Amino acid sequence: MNFPPTTMSTPNLSVPHIAPLVLQSKKALQEGEQLCSKANELSTASAQASVDVLILDAKVRWVTDNVLEQLKLAACVAKSIEDKRTKLSKQVQDWDNLRTKQTKALDKVLDDLGSQRVPPDFHQTSAASSIFGSQDSEDEQEQASGLSAVSRSPSDTIKVPKLKPQTDRKNWKTLRDFVDDQAIEDIFEGMEEEHTIVEDILSRTDEYSEKLNAAIRSIREYLPENTPSPSIEQLITSQDSSQVSMATHLESLAAHYDQMGNALRESEAGDVFSQDDLQDMDRDTEELPSILSELEENLHSISATHKQFCQFRVANQDHLKRLADVLEELDELGDIMSEMLQTQEAVESECEIHFTEMQRHLLTVEHLQQRFVSYQTAFRKLILEIARRRVYKEAAESIVRGMMDQLTAMTEEERQVREHFNHEHGAHLPEDLCLCISNLPTKWEILPWAGEILESLPEIPADLVTEARNHVHRTEPPTAVNGMVNATESL
């Protein structure tokens, strides 16, 4: 804006025209300076705010990352507790499956014992000869008075006093009747009691994993949102660009004011400006509002940037406050996890003790099942043994009967011979000569050895012997015992 003076002879009208323009230029410059001063203050504050934002953002991210790492560890603890609980529950389930399996096996054996009838003679005899020991029964008490002492006569080896047979097998006892059901029931109750105790112990940690995961989710959700970091460099660059633009505009306002002041001084000194120069001055002055508007826009941009920095700073400060609460909750969660882990260890120790007892119960049931299987097998072999002994007994009695018949016949024949001799020659012999000639032949009696009681064997129906033999033959090959096992085949 350079307005050279002219040498025209027209009246000097420049001064009244230029003075208002100078005032407008001065006012515009003052306003521009104020805007630039405000922009400089905001720019300085923004620079400090940007530093604060960077520091706070770094703290927020560092704390957040550490919290997330701690939450990962807490999640691992929750999973560890759940895995341990699952392992213990699996042990309980496996034990329960074994218990069910062995209980069913024992029940099956007991049912088999309940279907195995025991002939009354096996238990309705004297305590001394009972294979089951003293098994007093009403039948024994009723029939005890009718039993007499066993005779030592040879004929009594055949005619041994017998109890009245029971033809109705429904009233017969079974092998199950000789089993202590109460003891078995006590074992089952003990197993169920141990199972209940372990379930109660495990229930102490039922909600641990869920509670930990819920707390982890709550803390994670309370964490500040992971928003992208603001581009500090971009904002500072934008702010600097606005400052440079304002500086340029301020220089332009200052230059315009200087030119207008020079023009006023020249006009007051007598210089006259042409109409074109005056029009240029008017046009340049009219541009001052647009320059001020641009300055205001630049100031608004700088102010917006400063506001952004302030918002970022306030947001990060709020995030730090929230993270302080999160850290407190994380400390509480750590205490809770420590307590949970201690409880879990106590649960494992207690369960281990009870698992040992539960396993002992399983072994007891297994031993009972094996014992009752052996019991049933032994009873079947007992039947075969009694049958074998009966064969032996009857063979021995047959020999005794044969010997008795032979001795009786020999004695009778000897008696007749002696009577014939005494009849023909006795009268011719002196009475005091050989007095034994008139003696009768000695009669013989075969008795058990050394006063032993005659053996009495229980009566066993043939179908029970056959059934026992079939079961034994299915489980093991036949073996000879004293060479008499095969003798039972004929029964």
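- The name given to the chain in an unreviewed UniProt entry is Autophagy-related protein 17, with the source organism recorded as Lentinula boryana.
- Per UniProt, the chain carries the Function (unreviewed entry) text "Autophagy-specific protein that functions in response to autophagy-inducing signals as a scaffold to recruit other ATG proteins to organize preautophagosomal structure (PAS) formation. Modulates the timing and magnitude of the autophagy response, such as the size of the sequestering vesicles. Plays particularly a role in pexophagy and nucleophagy."
- Reading the Sequence similarities (unreviewed entry) entry of the UniProt record for the chain gives the comment "Belongs to the ATG17 family."

## Thoughts on the environment of leucine 464
Line of reasoning, step 1. By the element assignment, leucine 464 lies in helix α8 (residues 462–475).
Line of reasoning, step 2. The exposure class assigned to leucine 464 is buried, which follows from its relative accessible area of 5%.
Line of reasoning, step 3. The spacing of leucine 464 and leucine 384 is 80 residues in sequence and 9.3 Å in space, taken between C-alpha atoms.
Line of reasoning, step 4. Sequence-distant contacts of leucine 464, defined by excluding residues within four places in its chain, comprise Arg117, Pro119, Arg169, Trp172 and Ile383.

## A look at the packing of helix α3 (residues 181–203) against helix α7 (residues 288–425)
Line of reasoning, step 1. Packing of α3 against α7 leaves a shortest axis separation of 10 Å and a crossing angle of 160°. By the criterion of interaxial angle, the relationship of α3 to α7 is roughly antiparallel. Considering how the two elements wind past one another, α3 and α7 form a crossing that is left-handed.
Line of reasoning, step 2. Class assignment for the residues of the contact of α3 with α7 results in 16 nonpolar, four polar and three charged.

## Looking at the nonpolar core
Line of reasoning, step 1. One finds Leu113, Cys351 and Phe372 to be the most contacted residues of the largest nonpolar core, which totals 39 residues.
Line of reasoning, step 2. Counting residues per element, the ones that place at least two in this core are α1 (14–115), α3, α7 and α8.
Line of reasoning, step 3. Sort the elements by how many residues they give to this core and α7 lands first, with 14 residues.
Line of reasoning, step 4. Sequence-distant contacts of cysteine 351, that is, excluding residues within four places in its chain, are made with Leu88, Val198, Ile201 and Leu202.
Line of reasoning, step 5. The next biggest cluster of nonpolar side chains, apart from the first, holds 19 residues, and it includes Val60, Val63, Leu212 and Met337.

## Notes on a nonpolar patch on the surface
Line of reasoning, step 1. On the surface, a cluster of nonpolar side chains totalling about 320 Å² of accessible area is made up of Phe421, Leu429, Leu433 and Ile437.
Line of reasoning, step 2. In this fold, phenylalanine 421 is placed in helix α7.
Line of reasoning, step 3. The exposure class assigned to phenylalanine 421 is partly exposed, which follows from its relative accessible area of 34%.

## Quick look at the packing of aromatic side chains
Line of reasoning, step 1. Across all of its chains, the model carries one aromatic pair by this definition.
Line of reasoning, step 2. Ring centres of phenylalanine 122 and phenylalanine 379 lie 5.7 Å apart, and the angle between their planes is 55°; on these two criteria the pair is classed as tilted. Note that phenylalanine 122 is positioned in the loop between β1 (117–118) and α2 (138–144) and phenylalanine 379 in helix α7, a separation of 257 residues in sequence. Taken individually, phenylalanine 122 and phenylalanine 379 each receive the classification buried, so the pair is uniform in this respect.

Calculation criteria
- Residues numbered from 1 in each chain as written.
- Predicted model: local features only at pLDDT ≥ 70, side-chain atom pairs only at ≥ 80, totals over all residues.
- Heavy atoms only, no water.
- UniProt positions renumbered as here; feature names shortened; annotations may be inferred.
- Helix = DSSP H or I, 4+ residues; strand = E, 2+ residues; numbered from the N terminus.
- Buried < 20%, exposed > 50% of the residue type's maximum accessible area, 1.4 Å probe, protein only.
- Contact = heavy atoms within 4.5 Å.
- Axes fitted to C-alpha atoms, helices over the stretch in contact; angles between N-to-C directions.
- Parallel < 35°, antiparallel > 145°, perpendicular 65-115°, else oblique.
- Left-handed = near helix turned anticlockwise from the far one by under 90°.
- Nonpolar A, V, L, I, M, F, W, Y, C, P; charged D, E, K, R; others polar.
- Core = buried A, V, L, I, M, F, W, Y, C linked by side-chain atoms within 4.5 Å.
- Patch = residues over 30% accessible without salt bridge, like charges linked within 9 Å, V, L, I, M, F, W, Y side chains within 5 Å.
- Areas by Shrake-Rupley, 256 points an atom, 1.4 Å probe, with all protein chains shown as cover.
- Salt bridge = Lys/Arg side-chain N within 4 Å of Asp/Glu carboxyl O.
- Phe/Tyr/Trp six-rings, centres within 6.5 Å; stacked < 30°, edge-to-face > 60°.

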